[in-house]
Amino acid sequence: MQGINKNKQIMKKLSKVQILGIVRHVLTFTGGILVAKGLINDSTMVELVGGIVAVVGMVWSIVSKNVESEGIEPSSK
């Protein structure tokens, strides 16, 4: 149980830019594996990673603004 609480504390300390960077690197790594196995080509991987990071950023922004408008402080900005 302490591990879960520690993970939540770490996530609260990370900024939006840091988390999006981590997401981008995980997606790029996964995409690299898929390219190496021949399941997708490199241009498709780049487009998918960019699209997913953009969608995650938009959702994060919307949720953050909704939380702020309700008077609740978001976990990270």
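Scroll up to find the structure.
Please read these numbers as outputs of a predicted model, since none were measured by experiment. (Residues numbered from 1 in each chain as written. Predicted model: local features only at pLDDT ≥ 70, side-chain atom pairs only at ≥ 80, totals over all residues. Heavy atoms only, no water.)

A. Spotlight on a nonpolar patch on the surface. Residues V55, M58, V59 and V63 make up a contiguous nonpolar surface patch of roughly 350 Å² in combined accessible area. Turning to its location among the elements, V59 is positioned in helix α3 (residues 42-69). By relative accessible area, which is 46% here, V59 ends up partly exposed. (Patch = residues over 30% accessible without salt bridge, like charges linked within 9 Å, V, L, I, M, F, W, Y side chains within 5 Å. Areas by Shrake-Rupley, 256 points an atom, 1.4 Å probe, with all protein chains shown as cover. Salt bridge = Lys/Arg side-chain N within 4 Å of Asp/Glu carboxyl O. Helix = DSSP H or I, 4+ residues; strand = E, 2+ residues; numbered from the N terminus. Buried < 20%, exposed > 50% of the residue type's maximum accessible area, 1.4 Å probe, protein only.)

B. Looking closely at α3. Helix length check: α3, at 28 residues, gives a terminal C-alpha distance of 41 Å against a target of 40 Å (1.5 Å per residue), a fit within 8%. Inspection of α3 places M45, V49, V53, G57, W60 and S64 among the buried residues, and these make up the whole buried set. Here the buried face of α3 lies against α2 (16-36). (Expected span 1.5 Å × (residues − 1). Contact = heavy atoms within 4.5 Å.)

C. Molecular detail of the packing of α2 against α3. The contact between α2 and α3 brings their axes to 10 Å, and the two run at 155°. With respect to each other, α2 and α3 are oriented roughly antiparallel. Crossing of α2 against α3: the hand is right-handed. Taking contact as the criterion, the partners of K16, I19, L20, R24, L27, T28, G31, G32 and V35 in α2 are, on α3, D42, M45, V49, I52, V53, V56, G57, W60 and S61. (Axes fitted to C-alpha atoms, helices over the stretch in contact; angles between N-to-C directions. Parallel < 35°, antiparallel > 145°, perpendicular 65-115°, else oblique. Left-handed = near helix turned anticlockwise from the far one by under 90°.)

D. Structural detail: α2. Spanning 21 residues, α2 covers 30 Å between terminal C-alpha atoms, matching the ideal 30 Å at 1.5 Å per step. Considered for burial, the residues of α2 that qualify are I19, L20, G21 and G31. One or two steps after α2, the chain reaches G38, where phi turns positive at roughly 80°.

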